[in-house]
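An overview of the molecular structure
As a plain string of letters, each chain reads:
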Amino acid sequence: MNYIIAPSILSADFTQLGAQLSACESAGADWIHVDVMDGHFVPNITIGPMIVEACKRVTKLPLDVHLMIEKPERYLEAFAKAGASGITVHVETCPHIHRTLEQIKSLGCQAGVTLNPGTPVSMIEPILHLADLVLVLSVNPGFGGQAFLPETIGKVGEIRKKLDAIGSKASVEVDGGITANTLPLMKNAGANVFVAGSAVFKYPRGIAEGIKALRECVVS
Ligand code: DX5
Ligand code: ZN
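The following paragraphs examine the structure supplied in this document. (Residues numbered from 1 in each chain as written. Chains lettered and ligands numbered in written order. Predicted model: local features only at pLDDT ≥ 70, side-chain atom pairs only at ≥ 80, totals over all residues. Heavy atoms only, no water.)

Overview of the environment of serine 22
Test applied: To qualify as a helix, a DSSP run of H or I must reach at least 4 residues; to qualify as a strand, a run of E must reach at least 2; elements of each kind are numbered from the N terminus. Each residue gets one of three labels from its accessible area relative to the maximum for its type: buried under 20%, exposed over 50%, partly exposed in between, using a 1.4 Å probe on protein chains only.
With respect to the secondary-structure elements, serine 22 resides in helix 1 (residues 17-26). By relative accessible area, which is 36% here, serine 22 ends up partly exposed. When the C-alpha atoms of serine 22 and aspartate 64 are compared, they prove to be 16 Å apart, with 42 residues separating the residues in sequence.

Put into structure tokens, the structure is as follows:
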């Protein structure tokens, strides 16, 4: 299994973004996770394509863009042009999720679908075959630094089983409250991509040590 550590810049120091991305890269991060919030689908407002474009100029790492916005189809092209390597949309925001995933692929990006802790797996079942990545939110999206919701562990297992059943090699990503304590629970359930904001950028001994602590959970 190819395990991916994806620091979320939501918890970065934005006055030092370039330096912090370099620190992630030298510490062996695999992807950079970018949380886009619109103040409608989630209560918080964060960043847009401009920052993705700025990240693209300072890091070679793939940019994993998580859209927590209403009507995400309006912005797919802008994020793809800005340099997103993958774009993940919430099923709750996409009445035409089948079309939206195809749109993401047609822009040359990996197509991801995600669901809130309160949304059942059955909502994404009909389009699982189209997804390159399925993201399980392990907190209610909107803010970094929230406590991990253990009731989402079962969902990871359920999704991995359904992907296996249709012969899909899609990644299962987890996001929210991921630390060296919770990561192993999600790994054992079948996740292979681990997003971490606080556990990287707010790690008491610094970014490199934070990434190292997470990496140690996935090396056998
Ligand atoms: C939650 C975001 C996460 C967030 C995770 O709304 O989607 O990516 O940055 O932050 P931590 O790791 O601090 O829970
Ligand atoms: Zn996220």
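Back to the write-up after that little detour.
Overview of the packing of helix 1 against helix 2 (residues 49-58)
Axis angle and axis distance: for two packed helices, these are the angle between their axes and the distance between the axes, and together they describe the pair. We apply this condition: Only C-alpha atoms enter the line fits that serve as axes; for helices the fit covers just the stretch in contact. Angles between N-to-C directions range over 0 to 180 degrees. Every angle not falling under 35 degrees, over 145, or within 65 to 115 is termed oblique; those three ranges are roughly parallel, roughly antiparallel and roughly perpendicular. Put simply, a crossing is left-handed when the front helix is turned counterclockwise from the back one by less than a right angle, and right-handed when it is turned clockwise. In what follows, residue pairs with any heavy atoms lying within 4.5 Å of each other are defined as contacts. Each residue is assigned to one of three groups, with Ala, Val, Leu, Ile, Met, Phe, Trp, Tyr, Cys and Pro labelled nonpolar, Asp, Glu, Lys and Arg labelled charged, and all others, Gly among them, labelled polar.
At a closest axis distance of 10 Å, the pairing of helix 1 and helix 2 adopts a crossing angle of 55°. What the angle tells us is that helix 1 and helix 2 run oblique. By crossing handedness, the relation of helix 1 to helix 2 is classed as right-handed. Contact with helix 1, carried on its side by Leu17, Gly18, Leu21 and Glu25, involves Ile51, Cys55 and Val58 of helix 2 and no other residues of that element. Among the residues making up the contact of helix 1 with helix 2, the classes are represented as five nonpolar, one polar and one charged.

Quick look at the coordination of the zinc ion (ligand 2)
Metal coordination angles have textbook ideals: 109.5 degrees for a tetrahedral set of four donors and 90 or 180 degrees for an octahedral set of six. To keep it simple, the criterion reads: Distances up to 2.8 Å from the metal define which N, O and S atoms are donors, and 3.2 Å serves for Na, K and Ca; water is absent from the atom set, so sites may look incomplete. Note on geometry labels: four donors, all angles 85 to 135 degrees, give tetrahedral; four donors become square planar and six octahedral when opposite donors are over 155 degrees apart and every other angle is between 65 and 115; remaining cases are irregular.
Within the protein, the atoms that donate to the zinc ion (ligand 2) are His33 (NE2), Asp35 (OD), His66 (ND1) and Asp175 (OD), at distances of 2.0 to 2.3 Å. Geometry at the zinc ion (ligand 2) is octahedral, judged from the six donor atoms that bind it and their angles of 67 to 166° at the metal. A relative accessible area of 5% places aspartate 35 in the buried class. The exposure class assigned to aspartate 175 is buried, which follows from its relative accessible area of 9%.

Remarks on the nonpolar core
This is how it is decided: Put simply, buried Ala, Val, Leu, Ile, Met, Phe, Trp, Tyr and Cys residues joined by side-chain atoms within 4.5 Å make one nonpolar core.
Judged by nonpolar contacts, the single largest core of 65 residues is most densely connected at Ile9, Leu67, Leu101, Val113, Ile124, Ile159 and Phe194. Tallying contributions element by element places helix 3 (residues 76-82) first for this core, with four residues. In contact with isoleucine 124, not counting residues within four places along its chain, are Val91, Val113, Leu115, Val134 and Ile159. In this structure, Ala6, Leu135, Val139 and Val195 belong to the second largest nonpolar core, which totals nine residues.

What to know about the sheet that holds strand 6 (residues 133-137)
Within a sheet, adjacent strands bond to each other through the backbone by hydrogen bonds, running parallel or antiparallel. Applicable threshold: Any two strands are treated as partners once DSSP identifies two or more bridges connecting them.
Within the open sheet, the eight strands sit side by side as 1-8-7-6-5-4-3-2. Their pairing is parallel. Unpaired on one side and paired on the other, strand 1 (4-7) and strand 2 (32-37) mark the two borders of the sheet. Strand-to-strand twist across the sheet, computed as the mean angle between neighbouring axes with direction ignored, equals 25°. Note that strand 5 (residues 110-115) and strand 6 share four bridges and pair parallel. Along strand 6, the bridge assignment pairs glycine 112 with leucine 133. Contacts between helix 4 (residues 97-106) and the sheet are confined to strand 4 (86-90) and strand 5, with strand 5 contributing the most and set at about 145° to the helix. Of the strands in this sheet, strand 5, strand 6 and strand 7 (171-175) are in contact with helix 5 (residues 153-165), which crosses strand 7 at around 165°.

Examining the site of ligand 1
The condition is simple: Consider each residue's heavy atoms; a residue with any of them within 4 Å of a molecule or strand counts as near. What qualifies as a polar contact is a pair of N or O atoms within 3.5 Å, subject to a donor-acceptor requirement within protein and to the restriction that residues adjacent in sequence count only when both atoms come from side chains. The accessible surface values rely on the Shrake-Rupley method and a 1.4 Å probe; as for residues, cover is taken only from the protein chains in view.
Lining the immediate surroundings of ligand 1 are 19 residues, of which Asp35, Gly142, Asp175, Gly197 and Ser198 lie closest. Histidine 66 places a polar side-chain atom, nitrogen or oxygen, 3.3 Å from an oxygen atom of ligand 1. Within the side chain of aspartate 175, an N or O atom sits 2.6 Å from an oxygen atom of ligand 1. For ligand 1, the protein covers 99% of the area, taking 380 Å² as the surface of the free molecule. Elements that contribute at least two residues to the shell around ligand 1 include exactly strand 2, strand 3 (63-68) and strand 8 (193-196). Take the shell around ligand 1: its biggest share by element is three residues, from strand 2. Each residue belonging to the shell around ligand 1 can be placed in one class, and the counts come to seven nonpolar, ten polar and two charged.

A few points about the pattern of salt bridges
Here is the rule we go by: Any carboxyl oxygen of Asp or Glu that lies within 4 Å of a side-chain nitrogen of Lys or Arg is treated as forming a salt bridge with it.
Counted under the stated rule, the structure contains seven salt bridges. Where glutamate 77 meets lysine 81, a salt bridge forms, and the shortest distance between an N and an O atom there is 3.1 Å. Of this pair, glutamate 77 and lysine 81 both sit in helix 3, four residues apart, which is roughly one turn of the helix. Residue arginine 205 pairs with glutamate 209 through a salt bridge whose shortest N-O separation is 3.1 Å. In this structure arginine 205 comes out as exposed when scored by relative accessible area, which is 58%.

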